[in-house]
Amino acid sequence: MAKNTEELLAGAKKHLLKTYRQPDFVLARGEGCRLWDTDGRQYLDLYGGIAVSALGHAHPALVAAVAAQAAKLVHTANYFYNEPNAQLASRLCEMAKMDRVFFTNSGTEAVEGAIKLSRRFHFARGDAQRLGLVATLNAFHGRSMGAVSLTGQPKYWEGFGAPIADVSHVAYGDFAAMERRLNDRTAAVFVEPIQGEGGVLPAPPGYLAGLRALCDRVGALLVFDEIQTGIARTGAFMAWHHEGVQPDLLCSAKGIAGGVPMGALLTTEKFADALPVGAHGTTFGGNALASAAALAVLETIERDGLIAHAKARGEHLLASLAKLVAKHPTVAVAARGRGLLCGLELEKSVDVRGVLDGLRARGVLVSSAGTSVIRFAPPLIVSDGELDEGVAALDAVLADLSTKLEVKS
Ligand SMILES: Cc1ncc(COP(=O)(O)O)c(C=O)c1O
């Protein structure tokens, strides 16, 4: 029952909820950093399924692990331990430098788990009034009612009723504002080491260390949302490893299983008893198939030196983007990021969607972040040559834009 592109598009448009703005082509397969649509057109993938496809597409290690596990055991639910999950728990904790983990199916669920664990930790110590959650403006933590309440951007909660109680926001990077906001009713502080969706905005130097000391002082948990920055993306296995500022809770997802849905909430021994038997759970979390995929991803990251690779390729990418800023000063404002999470900020007046369309017409897929940032989050296996190809396409799109602007003025 093979369908042609037109039929596939007609079915998708008729039956999918209209939550996404999707262009008129259908992706069919991938290999490395390349994707192909149902009409055979090829694309260079420099968005990595939004920082997810850590090993690129159809990586032999991931293919073999998923196929072998699917043939053995897919799912048992958490009534019982399963073999790949037991192995993964140790491996992930070791690499992340944390002690314990609760597996989820998405980043949002890891954040939701962090909300519940932090509140319940205080409850178990007889401090049931400590419910306050402080997050940062312009943050992104997910879209469930709890996670979306932490997401510091009103456009994400409009129309959904009141956010969950006892949540507030302060400006990202503003330590003094955080210091004023925290008190003996604060259960936890949520922060991204780099605001990803918000526009690839790294925390200012010393901010995370300051938050660590502040949370210790007021007795609040420090939660790092590393859903976008983790799993080698920034050139360290977790972004917090760069500065050695350890959180109490760590949310991970995206690249963890290379595209097979999985997330993780990690913590240290101190908080291990906050969620006792029955307090939290999920049917699919940590199932054998996703765990085998994650094991293959972690093993490949280690075996192929992908942390160092991401760091080196990221430096190359950032330097190339900085050159675009120098070359196209009327349209490009700044290049920033770390490792393979980089952004090029465009002038406010530039139509970002038009830039993405221009890149796609040249066979390059990237995504936007914030209101005016072109974000690169390619597979960790990307080469300098592939990055150069993407930057050359962006160069051409920006050159066209600059010319149009000159003609106008
Ligand atoms: C920092 C951060 N937190 C949470 C999420 C939500 O993760 P998911 O879409 O897997 O639920 C995202 C997704 O983009 C993210 O970037």
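Conventions we followed
- Throughout, residues of each chain are indexed from 1 in the direction in which the sequence is written.
- Note on the predicted model: pLDDT of at least 70 is required for a residue's local features to be given, and 80 or more for side-chain atom pairs to be given and counted; whole-chain, interface and lining totals, by contrast, use all residues.
- Here the side-chain values reflect all heavy atoms present in the structure, with hydrogen atoms and water set aside.
- By definition, a salt bridge exists where a carboxyl oxygen of Asp or Glu is found within 4 Å of a side-chain nitrogen of Lys or Arg.
- Under the scheme used here, helices are H or I runs from DSSP no shorter than 4 residues and strands are E runs no shorter than 2 residues, and both carry numbers assigned from the N terminus.
- To sort residues, take the accessible area from a 1.4 Å probe on protein chains only and compare it with the maximum for the residue type: under 20% means buried, over 50% means exposed, and anything in between is partly exposed.
- Domain delimitation follows an automatic or database domain assignment.
- We call two residues in contact when some of their heavy atoms are within 4.5 Å.
- Buried surface area refers to the total accessible area, computed with a probe of radius 1.4 Å, that the two partners give up upon joining, counted for both partners together.
- Put simply, Ala, Val, Leu, Ile, Met, Phe, Trp, Tyr, Cys and Pro go in the nonpolar bin, Asp, Glu, Lys and Arg in the charged bin, and everything else, Gly too, in the polar bin.
- We define proximity as follows: a residue is near a molecule or strand when any one of its heavy atoms falls within 4 Å of that partner.
- Counting of polar contacts relies on pairs of N or O atoms within 3.5 Å, with two restrictions inside protein: one atom must be capable of donating a hydrogen and the other of accepting it, and residues adjacent in sequence are counted only when both atoms are side-chain atoms.
- Strand pairing follows a simple DSSP-based rule, namely that at least 2 bridges must link the two strands.
- Only the stretch in contact is used when a helix axis is fitted, and all axes are lines through C-alpha atoms; the angle between N-to-C directions ranges over 0 to 180 degrees.
- In what follows, roughly perpendicular refers to angles from 65 to 115 degrees, roughly parallel to angles under 35, roughly antiparallel to angles over 145, and oblique to any angle outside these ranges.
- The hand of a helix crossing depends on one turn: near helix anticlockwise from the far one by less than a right angle means left-handed, and clockwise means right-handed.

Caption draft 1: Molecular detail of the pattern of salt bridges. Here the structure, examined in full by the defined rule, presents 20 salt bridges. For the salt bridge of arginine 375 with glutamate 197, the shortest nitrogen-to-oxygen distance reads 2.6 Å. Linking arginine 375 in strand 17 (residues 373–376) with glutamate 197 in the loop between strand 8 (194–195) and strand 9 (201–202), this pair joins segments that are 178 residues apart in sequence. For arginine 375, a relative accessible area of 2% translates into the label buried. With a closest N to O distance of 3.5 Å, aspartate 400 and arginine 362 form a salt bridge. Here aspartate 400 is found in helix 13 (residues 384–408), whereas its partner arginine 362 is found in the loop between helix 12 (352–361) and strand 15 (364–365), with 38 residues between them in sequence. By relative accessible area, aspartate 400 is classed as partly exposed at 39%. What makes arginine 362 partly exposed here is its relative accessible area of 41%.

Caption draft 2: Local environment of the domain arrangement of the protein chain. Here the protein chain is described as being made up of domain 1 (5–58 + 305–408) and domain 2 (73–303). Summarising the inter-unit geometry, the C-alpha centres of domain 1 and domain 2 are found 27 Å apart. In this assembly, 26 residues from domain 1 lie in contact with 29 residues from domain 2. When the buried area of domain 1 at its contact with domain 2 is split by residue, Ile307, Arg338 and Leu341 rank highest and sum to 28% of it. Here domain 1 and domain 2 share two salt bridges between them. Looking at the side of domain 1 that touches domain 2, the elements that each hand over two or more residues are helix 2 (48–51), helix 11 (306–327), strand 13 (332–338), strand 14 (341–346) and strand 17. Among the elements that take part in the side of domain 1 that touches domain 2, helix 11 stands out by supplying four residues, more than any other. Of the residues assigned to the side of domain 1 that touches domain 2, the class counts are 16 nonpolar, six polar and four charged.

Caption draft 3: Structural view of the site of the ligand. Taken together, Ser106, Gly107, Thr108, Phe140, His141, Gly142, Glu192, Glu197, Asp225, Ile227, Gln228 and Lys254 are the residues near the ligand. The separation between an oxygen atom of the ligand and a polar side-chain atom of threonine 108 is 2.5 Å. One of the backbone N or O atoms of phenylalanine 140 is found 3.3 Å from a nitrogen atom in the ligand. Considering only residue class, the shell around the ligand consists of two nonpolar, six polar and four charged.

Caption draft 4: Representation of the pairing of strand 13 in the model. Direction of pairing for strand 13 relative to strand 14: antiparallel, over a ladder of six bridges. For alanine 334, the partnering residue across the bridge sits in strand 14 and is glutamate 345. Here strand 13 folds back onto strand 14, and the loop between the two strands holds two residues, one of which, glycine 339, carries a positive phi near 60 degrees.

Caption draft 5: Fine view of the packing of helix 11 against helix 13. Running from N to C, helix 11 and helix 13 cross one another at 15 degrees; their axes reach a closest spacing of 10 Å. In this view, helix 11 runs roughly parallel relative to helix 13, as classed from their interaxial angle. Our pair here, helix 11 against helix 13, has a crossing hand that is right-handed. Here Arg313, His316, Leu317, Ser320, Leu321, Leu324 and Lys327 of helix 11 come into contact with helix 13, specifically with Asp384, Leu387, Asp388, Val391, Leu394, Asp395 and Leu398. Its residues placed into classes, the contact of helix 11 with helix 13 shows seven nonpolar, two polar and five charged.

Caption draft 6: Spotlight on the side chain of serine 291. Examined against the element boundaries, serine 291 turns out to sit in helix 10 (residues 288–303). The class for serine 291 is buried, based on a relative accessible area of 0%.

Caption draft 7: Up close: the sheet that holds strand 15. Across the sheet, which stays open at both edges, the four strands sit in the order 1-2-3-15 with mixed pairing between neighbours. Both outer strands of the open sheet, strand 1 (27–31) and strand 15, are each paired with one neighbouring strand and no more. With four bridges joining them, strand 1 and strand 2 (residues 34–37) adopt antiparallel strand pairing. The partner of glycine 30 across the bridge, within strand 2, is leucine 35. Here helix 13 sits on the sheet and contacts strand 2, strand 3 (42–45) and strand 15; the angle it forms with strand 3, its principal contact strand, is near 105 degrees.

Caption draft 8: Focus on the packing of helix 4 (residues 83–96) against helix 10. Put simply, helix 4 and helix 10 touch, their axes get as near as 9 Å, and they point 40 degrees apart. In terms of axis orientation, helix 4 runs oblique to helix 10. Crossing hand, helix 4 versus helix 10: left-handed. Contacts between helix 4 and helix 10 involve Pro84, Asn85, Gln87, Leu88, Arg91, Leu92 and Met95 from the first element and Ala288, Ser291, Ala292, Ala294, Leu295, Leu298, Glu299, Ile301 and Glu302 from the second. Residue composition of the contact of helix 4 with helix 10, by class: ten nonpolar, three polar and three charged.

Caption draft 9: Main features of the pairing of strand 7 (residues 186–191). With six of six residues buried, strand 7 is to be regarded as a mostly interior element. Where strand 5 (residues 132–136) lies against strand 7, three bridges are found, and the strand directions are parallel. Residue pairing in the sheet places glycine 132 in a bridge with threonine 186 of strand 7. When strand 7 meets strand 10 (residues 221–225), the two strands line up parallel, connected through four bridges. Residue pairing for strand 10: valine 191 is matched across the bridge by phenylalanine 224.

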